[in-house]
Amino acid sequence: MNATIPPQKPSSITGIVLWSSKFEIGIPVIDAQHKKLVTLCNNLYKIITSMPASGPGSEEWQNSFFYALHECVDYTQTHFHDEEVLMTAANYEGFAQHKARHTEFVKKVLETAKSMEQPERSTALQFVRFLYDWILSHIAFEDRQFAPPVIEYFKSRNAESELAEK
Ligand SMILES: [Fe+2]
């Protein structure tokens, strides 16, 4: 198992993350997606903590781990796409920079996931903490910045339903 987890500051995440209104950015469709993303990370976390403390997990565990990981990554990509649709529609000036952050994150996660052939609990935990830290910090600082123009766009077009129909 040669997984390369991206370098990071020590994580403050010590268990599953309970969704809280403090994470909301004020766009209901995006807040609901962020909440689902945290739930998917929590599922992954629970699977990881169900494995033995040392040595690779059983084949069944590995399957559950990769299934949950892919669910999390796939949903992240869908969610990023939806955010990008809204930022474009709202003519958000920071769009290119924001999209680049999404692309960089997905690339890093896919590379890391690919390098994890038979992850052990400690490596898998380090990885899910990286996911939590990146996602929660991205929501708190970067996503919050596109909320005002998108909310304005919705007000002018009554358009939140456009995304749901896509
Ligand atoms: Fe984002």
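Above this text sits the structure in question.
For clarity, every value in this text was computed on a predicted model and none was experimentally measured. (Residues numbered from 1 in each chain as written. Predicted model: local features only at pLDDT ≥ 70, side-chain atom pairs only at ≥ 80, totals over all residues.)

Peer 1: Could you clarify how one ought to interpret helix α2 (residues 59-89) in this entry?
Peer 2: Within an α-helix, residues lying three or four positions from one another point in the same direction, as the helix has 3.6 residues per turn. The terminal C-alpha atoms of α2 lie 45 Å apart, and with 31 residues this matches the ideal 45 Å at 1.5 Å per residue to within 8%. Every buried residue belonging to α2 is among Phe65, Ala68, Leu69, Cys72, Thr76, Glu83, Leu86 and Met87, and all of these are buried. One or two positions beyond α2, positive phi appears at Asn91, with a value near 55°. (Helix = DSSP H or I, 4+ residues; strand = E, 2+ residues; numbered from the N terminus. Expected span 1.5 Å × (residues − 1). Buried ≥ 20, exposed ≤ 12 C-beta atoms within 10 Å, placed from the backbone.)

Peer 1: Just to check I follow, could you spell out the nonpolar core for this structure?
Peer 2: Side chains of nonpolar character tend, in soluble globular proteins, to be buried together. By size, the foremost hydrophobic cluster in this structure holds 20 residues, and its most contacted members are Cys41, Leu44, Ile48, Cys72, Val128 and Leu131. Counting residues per element, the ones that place at least two in this core are α1 (28-49), α2 and α4 (121-157). If we skip the residues at most four places from it in the chain, Cys72 touches Leu40, Cys41, Leu44 and Leu131. In this structure, Leu86, Met87, Tyr92 and Val150 belong to the second largest nonpolar core, which totals 10 residues. (Core = buried A, V, L, I, M, F, W, Y, C linked by C-beta atoms within 7 Å. Contact = placed C-beta atoms within 7 Å.)

Peer 1: How do you make sense of the packing of α1 against α2 when you look at a structure like this?
Peer 2: Geometrically, a packed helix pair is captured by the angle between its two axes and the distance between the axes. With their axes 9 Å apart at the nearest point, α1 and α2 run at an angle of 165° to one another. Viewed along their axes, α1 and α2 adopt a mutual orientation that is roughly antiparallel. Considering only the axes of α1 and α2, their crossing is left-handed. Residue-level contacts link Ile30, Gln33, Lys36, Leu37, Leu40, Cys41, Asn43, Leu44, Ile47 and Ile48 of α1 to Ser64, Phe65, Ala68, Leu69, Glu71, Cys72, Tyr75, Thr76, His79, Asp82 and Glu83 of α2. Split by residue class, the contact of α1 with α2 holds 12 nonpolar, 5 polar and 4 charged. (Axes fitted to C-alpha atoms, helices over the stretch in contact; angles between N-to-C directions. Parallel < 35°, antiparallel > 145°, perpendicular 65-115°, else oblique. Left-handed = near helix turned anticlockwise from the far one by under 90°. Nonpolar A, V, L, I, M, F, W, Y, C, P; charged D, E, K, R; others polar.)

Interpretation in functional terms is not warranted from these geometric data alone.
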